[in-house]
Amino acid sequence: MKVEQLYTGCLAEAAYYIESEGEAIIIDPLRDIQPYIQKLERNNVKLKFILETHFHADFVSGHIDLAEATGAEIVYGPKAVTSFKSHLAQDHEKLRVGKLTIEVLHTPGHTPESSCYLLYDENGNKHAVFTGDTLFIGDVGRPDLAIKSDLTKEDLAGMLYDSLETKIKTLPDSILIYPAHGAGSACGKNMSKDTFDTLGNQKQNNYALKAQDKATFIKEVLEDLQPAPSYFSVNALMNKEGYRNTAEVIKQGSIALDADGFEKLQEQTRALLLDTRDPAVFKEGFIPGSINIGLNGQFAPWAGVLITDTTQPILLITDTDKEKETIIRLARVGIDNVIGYLKNGYQAWKAANKPEDIIRTISAKEFAEQVSSNAALNILDVRKPGEYETGHLNEVGNVPLDYINDWTSSLDKNKTYYVHCAGGYRSVITESILKSRNINNVIDVDGGYGAVKKELDAKA
């Protein structure tokens, strides 16, 4: 028996590969399926089942493309309805793979169709349970993501409580919990950085499993729950109803354009210019109007949050040989309309003597000195509310990047704004968006709040 967790940090997402006697299962695969195909070929095994724990909202699954490529059967639990060929398993139905058995446990709550998969080893012992978004390490799945449902989040939270009590907490304490997400995912609010644990440990440490009754559970699970990102509903529908072949999406976006051709196509299509270089590099020079979302951060989730029109054409500016990776990672969150990229990146634009822009930067030390001297500064703290509440500059409000479309109109184009996040990634995203909207007097606080606090503490 081989059980492998395939973790993708950008999405904080875990897929799983299980193999026995020349047959394999993949649980909750990502949309870019080539790594799975290569693994199957390398191990000389046949993919028998693709198990989906639910209709994912935070990413587009690879279930459809993978089934077409391998002939494997897509499996959902009860209550799922799909427009593509799939097997809707019954509660407690058992599937055989090599010498292993997988039992389907219908666990509604995160969504009505949510199901977990209980793995029995060759000797029939309960070895692990793949909990999807039903149970995380340190948390449970948010109960407000059901699509086209007349169930309230309170209804679903109550269902989730019953599922955990009757289907999960009754399993042996020694059983391994393998969830679909870890810290950083918006599918929960209190996830651990750990990506697996025993059920026994979770009973002791997971607030949701320690709730004494259903009413308490519902209250605690719904408390401080932030609104779901807008792209979640788009992704859930794609997973339920189908999507374009990913290879076609990659081919469409892999068109290299010289500086003149890039500029002309942007003028013709009004395409969004997306620059995925490191924020520190972007600040030193970029194409006017382009938006920076660095590929080395939580790229796909931020792209999903900020690119609200998934039909909008996109042109890319990337580091050399990062074009395909960028297209794939956008496709993971349902953004399929890349129409080309700037060949040889920003240097090609610069060499062609095209217009350029920069973002001014102030050091954390200089900024801290101005704050300490009570200088009249307009400061934008673009961190998330939870980060802001743990510490912030006096008399500075919170304007989270997530909701930039709600607060941009309140800014004065004639004022200068100092922008900071925690470390510098989100502040540059913010500044690039503001400059694209003709709010040009923005200054980036180098190192973000962490660096500023360090300077202020040193002065105290």
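See the structure above.
Cut-off values and rules
Residues numbered from 1 in each chain as written. Predicted model: local features only at pLDDT ≥ 70, side-chain atom pairs only at ≥ 80, totals over all residues. Heavy atoms only, no water. Buried < 20%, exposed > 50% of the residue type's maximum accessible area, 1.4 Å probe, protein only. Helix = DSSP H or I, 4+ residues; strand = E, 2+ residues; numbered from the N terminus. Pairing = 2+ DSSP bridges. Right-handed = clockwise from strand over helix to strand, strands pointing away. Salt bridge = Lys/Arg side-chain N within 4 Å of Asp/Glu carboxyl O. Contact = heavy atoms within 4.5 Å. Axes fitted to C-alpha atoms, helices over the stretch in contact; angles between N-to-C directions. Phe/Tyr/Trp six-rings, centres within 6.5 Å; stacked < 30°, edge-to-face > 60°. Lys NZ or Arg CZ within 6 Å of the ring centre and 35° of its normal. Polar contact = N/O pair within 3.5 Å; in protein donor to acceptor, adjacent residues only side chain to side chain. Parallel < 35°, antiparallel > 145°, perpendicular 65-115°, else oblique. Left-handed = near helix turned anticlockwise from the far one by under 90°. Nonpolar A, V, L, I, M, F, W, Y, C, P; charged D, E, K, R; others polar. Core = buried A, V, L, I, M, F, W, Y, C linked by side-chain atoms within 4.5 Å.

## Focus: the pairing of strand 17 (residues 338-342)
Item 1. A large share of strand 17 lies buried, amounting to five of its five residues.
Item 2. Pairing of strand 13 (residues 256-257) with strand 17, which is carried by two bridges, proceeds in the parallel orientation. If you follow L257 over to strand 17, its bridge partner there is L342.
Item 3. Alignment of strand 16 (residues 314-317) against strand 17, held across three bridges, turns out to be parallel. Bridging across to strand 17, L315 finds its partner in G340.
Item 4. Handedness of the crossover joining strand 16 and strand 17 through helix 11 (residues 323-331) is recorded here as right-handed.

## Description of the pattern of salt bridges
Item 1. Taken as a whole and judged by the stated rule, the model has 23 salt bridges.
Item 2. Of the charged contacts in the structure, one is a salt bridge between D336 and R31, with a shortest N-O distance of 2.9 Å. Residue D336 is located in the loop between helix 11 and strand 17, and its partner R31 is located in the loop between strand 3 (23-27) and helix 1 (34-43); the two are separated by 305 residues in the primary sequence. Exposure class is identical for D336 and R31. Each is buried.

## Topic: the sheet that holds strand 17
Sheets are built from strands that pair by backbone hydrogen bonding, the pairs being arranged parallel or antiparallel.
Item 1. If you walk across this open sheet you meet the five strands as 13-17-16-14-15, and the pairing is parallel. Because the sheet does not close on itself, it has two edges, and the strands there are strand 13 and strand 15 (291-292).
Item 2. For strand 14 (residues 272-275) and strand 16, the ladder comprises four bridges, and the chain directions are parallel. Among the inter-strand pairings, L272 is bridged to a residue of strand 16, identified as I314.

## With respect to the sheet that holds strand 6 (residues 87-88)
Item 1. The six strands lie next to each other as 1-2-3-4-5-6, forming an open sheet whose pairing is mixed. The open sheet terminates on both sides in strands that have one partner only, identified here as strand 1 (2-8) and strand 6.
Item 2. Against the sheet, helix 1 makes contact with strand 1, strand 2 (13-20), strand 3 and strand 4 (46-51), and its axis sits at roughly 20° relative to strand 2, the strand it touches most.

## With respect to the packing of aromatic side chains
Item 1. In total, this model carries 11 aromatic pairs according to the counting rule given.
Item 2. Ring centres of F282 and F286 lie 4.2 Å apart, and the angle between their planes is 10°; this geometry places the pair in the stacked category.
Item 3. Owing to a relative accessible area of 0%, F282 belongs among the buried residues under this scheme.
Item 4. Arranged with centres 5.9 Å apart and planes meeting at 35°, the rings of F367 and Y418 form a pair that is tilted. Within this pair, whereas F367 is found in helix 13 (residues 364-372), its partner Y418 is found in strand 20 (residues 417-420), the two being separated by 51 residues in sequence. By the burial criterion, F367 is buried, and Y418 matches it.
Item 5. Clustering of aromatic rings is evident, with ring pairs tying together Y16, F130, Y178 and F196.
Item 6. It is K94 that lies over the ring of Y120; its NZ or CZ is 5.0 Å from the centre.
Item 7. Above the ring of Y449, the side-chain terminus of R383 is found at 4.2 Å from the ring centroid.

## Regarding the environment of E113
Item 1. Mapped onto the elements, E113 comes out in the loop between strand 8 (100-106) and strand 9 (115-120).
Item 2. Taking the C-alpha atoms as reference points, E113 and V81, separated by 32 residues in sequence, lie 8.7 Å from one another.
Item 3. Not counting residues within four places of it along the chain, the set of residues in contact with E113 comprises T53, H54, F55, G77, P78, K79, A80 and H106.
Item 4. Within the structure, the side chain of E113 is placed 2.8 Å from the backbone nitrogen of F55, a separation counted as a polar contact.

## Notes on the environment of A72
Item 1. Within the secondary structure, A72 sits in the loop between helix 2 (63-70) and strand 5 (73-76).
Item 2. What makes A72 buried here is its relative accessible area of 8%.
Item 3. In the structure, A72 is positioned 214 residues away from F286 in sequence and 45 Å away in space, judged by C-alpha atoms.
Item 4. Excluding anything up to four places from it in sequence, A72 contacts L47, K48, F49, I50 and A67.

## Quick notes on the side chain of S427
Item 1. Checked against the element boundaries, S427 lands in helix 16 (residues 425-436).
Item 2. With residues up to four places along the chain from it excluded, the contact list for S427 reads V382, V419, H420, C421 and D444.

## Here we look at the packing of helix 13 against helix 17 (residues 448-459)
Item 1. Orientation of helix 13 relative to helix 17, taken along the N-to-C sense of each, is 55°, at an axis distance of 9 Å. Judged by the inter-axis angle, helix 13 sits oblique to helix 17. As helix 13 packs across helix 17, the resulting crossing turns out to be right-handed. Residue-level contacts link A364, K365, F367, A368, E369 and S372 of helix 13 to A451, V452, E455, L456 and K459 of helix 17.
Item 2. Tallied by class, the residues present in the contact of helix 13 with helix 17 amount to six nonpolar, one polar and four charged.

## As for helix 10 (residues 299-306)
Item 1. When you tally the buried positions in helix 10, you get eight out of eight residues, the bulk of the element.
Item 2. Taken together, the buried positions of helix 10 are occupied by F299, A300, P301, W302, A303, G304, V305 and L306.
Item 3. If you follow the buried residues of helix 10, they end up packed against helix 6 (231-241), strand 14, helix 11, helix 15 (404-407) and helix 16.

## Details of the nonpolar core
Item 1. In this structure, I293, L306 and L380 are the most contacted members of the largest nonpolar core, which totals 76 residues.
Item 2. Of all the elements, helix 10 adds the most residues to this core, at six residues.
Item 3. Not counting chain neighbours up to four residues away, the residues in contact with L380 comprise V399, W407, L411, Y417, Y418, V419, H420 and L434.
Item 4. Counting residues in each nonpolar core, the second largest holds 25 residues, with L118, L199, A208 and V221 among its members.

## Comments concerning the packing of helix 7 (residues 246-253) against helix 11
Item 1. Packing of helix 7 against helix 11 leaves a shortest axis separation of 10 Å and a crossing angle of 135°. Between helix 7 and helix 11, the angle is such that the two are oblique. Between helix 7 and helix 11 lies a crossing of right-handed hand. In this structure, helix 7 contributes V249, I250 and G253 to the contact, and helix 11 contributes K324, I327, I328 and A331.
Item 2. Here the residues of the contact of helix 7 with helix 11 are counted per class, giving five nonpolar, one polar and one charged.

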